[in-house]
Amino acid sequence: MAYTQVSAEDAAELLDAAGMAGLVGISPLEGGWANSNFLLQLADGTRLVLKVWNERTPEQVEELIAHTCWIAEHGFPTPVPLQLSGGERILTKDGLAWMLLPFVEAGWLASDSDSLYSLGEVMAQLHAVPVCDGLSSSYYMGFRLWEDMFEHADAEGAWSPFLRQLEQESVRLKEDIPDDLPNGIIHGDLFPDNVLGTSGKVLAVLDFEEICAGAIALDLVMAFVGFGWQDGEPVTERWQAILSGYESVRKLTATERAALPDLHRFATLSVAAWRYWQFVMNIPDTEHADRYLEMTARLDKTLPF
């Protein structure tokens, strides 16, 4: 979904700031619900991704880049924005942050057992990276966003059955999810359109927009929310593949295992809440207005853990 239209002249300006030239083609890329992504093709055969951040301030993007560089320096497979003139990694245009990223030659990660085993391994590698300075301990797509939605509903008289359900779930989940779960850096949004891979192997994890320091088991269940369901039903074999890959690097604690059902419910509701916020409250009247219902329909299904 492209919110910002990018012309060849716009792209050339950013390429010039990166000391590159010879643009021969520009086309929109799939993926990205809160930013605009374009593929740039250069005369020398180089391909780059141009990203415009539509829902983050340049200051927030600078902070996010610092965190991304930190995890990349620790060997985690995620692309880092190119440096521009002066050493910065973004160009601010019309109040928005623009950047260039290396293009990873791969498609979205599949849901076969080898791919999901690799995803589990990569998650555990992320969770071993030390928490960097300045990283938030608040997961925005969770309770923070929910509270913002409740305030908006109060101000606009926009309460709905879903928001009342979310309000009730918030109270219960805050009580039931332990406060002492192992913490570390989490991605927070491990869905297929954020993971690139091929031949059963993860090549790159993208879009650390929800990065924070939190309960690391949340990433595990979020990956299952994103990759582990088919036709509205959980697929046990997919969960087993994710978990096996993860535990080949790091074993879950007994407390984490016991918390998996509540964490999965929290993850599912967080995705539903984000979709409701984005496509019902923030950008209404699109074909995506009912996307949150895919998640709420899962809440009463029997899970493989």
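Refer to the structure above for everything that follows.
Residues numbered from 1 in each chain as written. Predicted model: local features only at pLDDT ≥ 70, side-chain atom pairs only at ≥ 80, totals over all residues. Heavy atoms only, no water.

Caption draft 1: Structural view of the overall build of the protein chain. Along the backbone of the protein chain there are nine helices and twelve strands. For the protein chain, the C-alpha radius of gyration of 20 Å lies close to 19 Å, the compact-globule estimate for 305 residues. Each principal axis of the C-alpha atoms in the protein chain carries an extent, and together these give about 55 × 50 × 40 Å. Across the 305 residues of the protein chain, 50% fall into the buried class. Within the protein chain, contacts between residues separated by at least 24 positions form 70% of all contacts whose residues are at least 6 apart in sequence. Each charge sign in the protein chain was given a centre, from 19 positive and 46 negative side chains, and these centres are 6 Å apart. (Helix = DSSP H or I, 4+ residues; strand = E, 2+ residues; numbered from the N terminus. Rg over C-alpha atoms; globule rule 2.2 N^0.38 Å. Buried < 20%, exposed > 50% of the residue type's maximum accessible area, 1.4 Å probe, protein only. Contact = heavy atoms within 4.5 Å. Lys, Arg positive; Asp, Glu negative; His and termini not counted. Charge placed at Lys NZ, Arg CZ, Asp CG, Glu CD.)

Caption draft 2: Here's a closer look at helix 8 (residues 254-282). With 29 residues, helix 8 should reach 42 Å at 1.5 Å per residue; the first-to-last C-alpha distance of 40 Å fits that figure. Of all the bends in helix 8, the greatest reaches close to 50° and is centred on Leu 260; the proline Pro 261 follows between one and four positions later. (Expected span 1.5 Å × (residues − 1). Bend = angle between axes of the 7 residues up to and from the residue.)

Caption draft 3: Main features of the sheet that holds strand 2 (residues 35-42). With respect to topology, five strands assemble into an open sheet ordered 1-2-3-5-4, the strand pairing being antiparallel. The open sheet terminates on both sides in strands that have one partner only, identified here as strand 1 (23-28) and strand 4 (91-93). Adjacent strand axes in the sheet meet at a mean angle of 30° when their direction is disregarded. Alignment of strand 4 against strand 5 (residues 96-102), held across three bridges, turns out to be antiparallel. Within strand 5, the position partnered with Lys 93 by the bridge is Leu 96. This element, helix 1 (residues 8-17), spans strand 1, strand 2, strand 3 (47-53), strand 4 and strand 5 of the sheet and lies at about 70° to strand 5. Contacts between helix 2 (residues 58-73) and the sheet are confined to strand 3, strand 4 and strand 5, with strand 5 contributing the most and set at about 30° to the helix. (Pairing = 2+ DSSP bridges. Axes fitted to C-alpha atoms, helices over the stretch in contact; angles between N-to-C directions.)

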